[in-house]
Amino acid sequence: MANVTFSSPLLPKDVTVYAVAGDTHTLLKVAQKNKIPLPFECEDGNCGSCVMEVVSLSDKPFMAQDLTEKERATLVAAGKLSKAEIEEAVVNDRPPRYRLACQYIVRDEDILVRFSGEPGVV
Ligand code: FES
């Protein structure tokens with residue numbers, strides 16, 4: 001079980017939901033299931049509408065997740081992923097700060113998800 005806390009100016013207060021880890025749901029699906037108004041369009045990693053900031057709330061090391069080529073390209077094009085962050089992800093297995101909700105698979109860790117509510121803007 002993972003606690004996923006959503007924080008946005010669109011929400012009256014932060015909302016924490018429980019996601020079943022390992023069921024391979026994306027963060028976007030978890031948001032939709034819980035009526036969190038996280039913006040999206042393509043749901044396929046191409047448009048960048050669902051960009052968000054992910055912060056680990058756990059004492060354990062952040063669970064690494066590989067960026068797909070598509071997510072990497074979209075984040076770079078949006079100016080949300082630097083060369084240094086790509087290197088950190090590849091060399092040190094450290095996930096970048098900004099991710100795409102439609103590509104991010106929920107793991108067994110507590111996270112804070114920040115989004116502005118404006119498509120493509122964190
Ligand atoms: Fe288009 Fe996620 S909805 S990249």
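Quick note: structure is the one above.
Not measured: the values here are computed from a predicted model.

A. Structural view of the packing of aromatic side chains. The full count for this structure, using the stated rule, is 0 aromatic pairs. The side chain of K80 reaches across the aromatic face of Y98, ending 5.5 Å from its centre.

B. Structural context of the nonpolar core. V4, F6, L27, L38, M52 and I111 are the most contacted members of the largest nonpolar core, which totals 29 residues. Discounting residues that sit within four places of it in the chain, L27 has contacts with V4, F6, M52, V54, A101, Y104, V106, I111 and V113.

C. Region of interest: the environment of R97. Mapped onto the secondary structure, R97 falls in the loop between helix 3 (83–92) and strand 4 (98–100). Remark: the alpha-carbon pair of R97 and I111, spanning 14 residues in sequence, is separated by 12 Å. Residue contacts for R97: discarding those within four places in its chain leaves M52, E53, V54 and E85. In this structure the side chain of R97 is engaged in a polar contact, spanning 3.5 Å, whose partner is the side chain of Y98.

D. Highlighting the pattern of salt bridges. Inspection of every chain in the model, using the stated rule, returns 6 salt bridges. For E69, the salt bridge is made with R72, and the minimal N-O distance between the two is 3.4 Å. Residue E69 and its partner R72 are located together in helix 2 (residues 69–77), separated by 3 residues, close to a single helical turn. Judged by relative accessible area, E69 falls into the exposed class, the value being 59%. Among the salt bridges present, the one from R99 reaches E71, with a minimum N-O distance of 3.0 Å. Remark: E71 occurs in helix 2 and R99 occurs in strand 4; sequence separation between them is 28 residues. Comparing R99 with E71 shows no difference in burial state: the two are buried. Residues joined in a network through salt bridges with shared partners are E53, R97 and R114.

Rules of the game
Residues numbered from 1 in each chain as written. Predicted model: local features only at pLDDT ≥ 70, side-chain atom pairs only at ≥ 80, totals over all residues. Heavy atoms only, no water. Phe/Tyr/Trp six-rings, centres within 6.5 Å; stacked < 30°, edge-to-face > 60°. Lys NZ or Arg CZ within 6 Å of the ring centre and 35° of its normal. Core = buried A, V, L, I, M, F, W, Y, C linked by side-chain atoms within 4.5 Å. Buried < 20%, exposed > 50% of the residue type's maximum accessible area, 1.4 Å probe, protein only. Contact = heavy atoms within 4.5 Å. Helix = DSSP H or I, 4+ residues; strand = E, 2+ residues; numbered from the N terminus. Polar contact = N/O pair within 3.5 Å; in protein donor to acceptor, adjacent residues only side chain to side chain. Salt bridge = Lys/Arg side-chain N within 4 Å of Asp/Glu carboxyl O.

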